[in-house]
Amino acid sequence: MPDTPYVFAAVAVCVAITFALRALPFAVLTPLRTSAVVHYLNARMPVGVMLILTVYTMRDLSPAAPRELVAPAIALAVTLGLHHWRHNAVLSIFGGTAVHVALASTLTPH
């Protein structure tokens with residue numbers, strides 16, 4: 001069994017590392033608030049995320065099977081409509097995803 005000072009030292013090191021790791025994001029956050037790169041990413045990322053989700057969803061679809069295109073096309077229209085209406089990326093992504101899942105599970109034959 002380890003000696004008592006060794007155990008206290010190990011616990012103290014663990015406490016110091018845990019505290020540092022939890023405080024680090026707050027120390028780094030202050031300079032990032034005024035960063036031009038962060039402001040640029042804040043403006044561009046929602047559209048980028050929606051574009052990536054769209055490409056990921058549509059990549060395996062075949063125009064030869066029009067029935068497969070119905071659910072993604074409607075979901076894409078709902079996503080674009082929600083984003084144009086509310087300018088809220090979270091609402092647009094979740095709304096479009098919910099419509100796609102609902103339509104894909106009801107329109108696709110099992």
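To start, this report covers the structure provided alongside it. (Residues numbered from 1 in each chain as written. Predicted model: local features only at pLDDT ≥ 70, side-chain atom pairs only at ≥ 80, totals over all residues. Heavy atoms only, no water.)

## So, the overall build of the protein chain
- Within the protein chain, the regular secondary structure consists of 4 helices and 0 strands.
- Scanning the protein chain from its N terminus toward the C terminus, one meets helices and strands in the order α-α-α-α.
- When the backbone C-alpha atoms are referred to their principal axes, the protein chain occupies close to 70 × 45 × 20 Å.
- For the protein chain, buried positions account for 11% of its 110 residues.
- Relative to all contacts within the protein chain whose residues are 6 or more apart in sequence, the contacts with residues 24 or more apart total 44%. (Helix = DSSP H or I, 4+ residues; strand = E, 2+ residues; numbered from the N terminus. Buried < 20%, exposed > 50% of the residue type's maximum accessible area, 1.4 Å probe, protein only. Contact = heavy atoms within 4.5 Å.)

## Digging into the packing of helix α2 (residues 36-58) against helix α4 (residues 89-107)
- The geometry of α2 relative to α4 is characterised by a closest axis approach of 10 Å and an angle of 15° between their N-to-C directions. If you check the angle between α2 and α4, you find them roughly parallel. Classified by chirality, the crossing of α4 by α2 is right-handed. Where α2 approaches α4, its residues Pro46, Val49, Met50, Leu53 and Thr57 are matched on the opposing element by Ala89, Ser92, Ile93 and His100.
- Its residues assigned to classes, the contact of α2 with α4 comprises 6 nonpolar, 3 polar and no charged. (Axes fitted to C-alpha atoms, helices over the stretch in contact; angles between N-to-C directions. Parallel < 35°, antiparallel > 145°, perpendicular 65-115°, else oblique. Left-handed = near helix turned anticlockwise from the far one by under 90°. Nonpolar A, V, L, I, M, F, W, Y, C, P; charged D, E, K, R; others polar.)

## Regarding the side chain of serine 92
- With respect to the element layout, serine 92 can be found in helix α4.
- With sequence-adjacent residues up to four places away left out, serine 92 is seen in contact with Met50, Thr79, Leu82 and His83.

## Observations concerning unusual backbone geometry
- For histidine 87, which is not a glycine, the phi torsion comes out positive at approximately 55°.
- Relative to the helices and strands, histidine 87 resides in the loop between α3 (66-86) and α4.

## Description of α2
- Here α2 is 23 residues long and its end C-alpha atoms lie 33 Å apart, about the 33 Å a rise of 1.5 Å per residue gives.
- In the structure, α2 departs most strongly from a straight axis at arginine 44, where the bend amounts to approximately 40° and where the proline proline 46 lies between one and four residues downstream. (Expected span 1.5 Å × (residues − 1). Bend = angle between axes of the 7 residues up to and from the residue.)

## Describing the packing of aromatic side chains
- Per the counting criterion, the structure on display carries 0 aromatic pairs.
- Over the ring of tyrosine 56 we find arginine 59, and its NZ or CZ is 4.3 Å from the ring centre.
- Between arginine 86 and the ring centre of tryptophan 85, over which it is positioned, the NZ or CZ distance is 5.1 Å. (Phe/Tyr/Trp six-rings, centres within 6.5 Å; stacked < 30°, edge-to-face > 60°. Lys NZ or Arg CZ within 6 Å of the ring centre and 35° of its normal.)

## Observations regarding the packing of α3 against α4
- Two numbers describe how α3 lies on α4: the axes approach to 8 Å, and their chain directions differ by 160°. When the axis of α3 is compared with that of α4, the two are roughly antiparallel. Once α3 is placed against α4, the crossing between them reads as right-handed. Counted together, Arg67, Val70, Ala71, Pro72, Ile74, Ala75, Val78, Thr79, Leu82, His83 and Arg86 of α3 and Ala89, Leu91, Ser92, Gly95, Gly96, Val99, His100, Leu103, Ala104 and Leu107 of α4 form the full contact between these two elements.
- Here the residues of the contact of α3 with α4 sort into 13 nonpolar, 6 polar and 2 charged.

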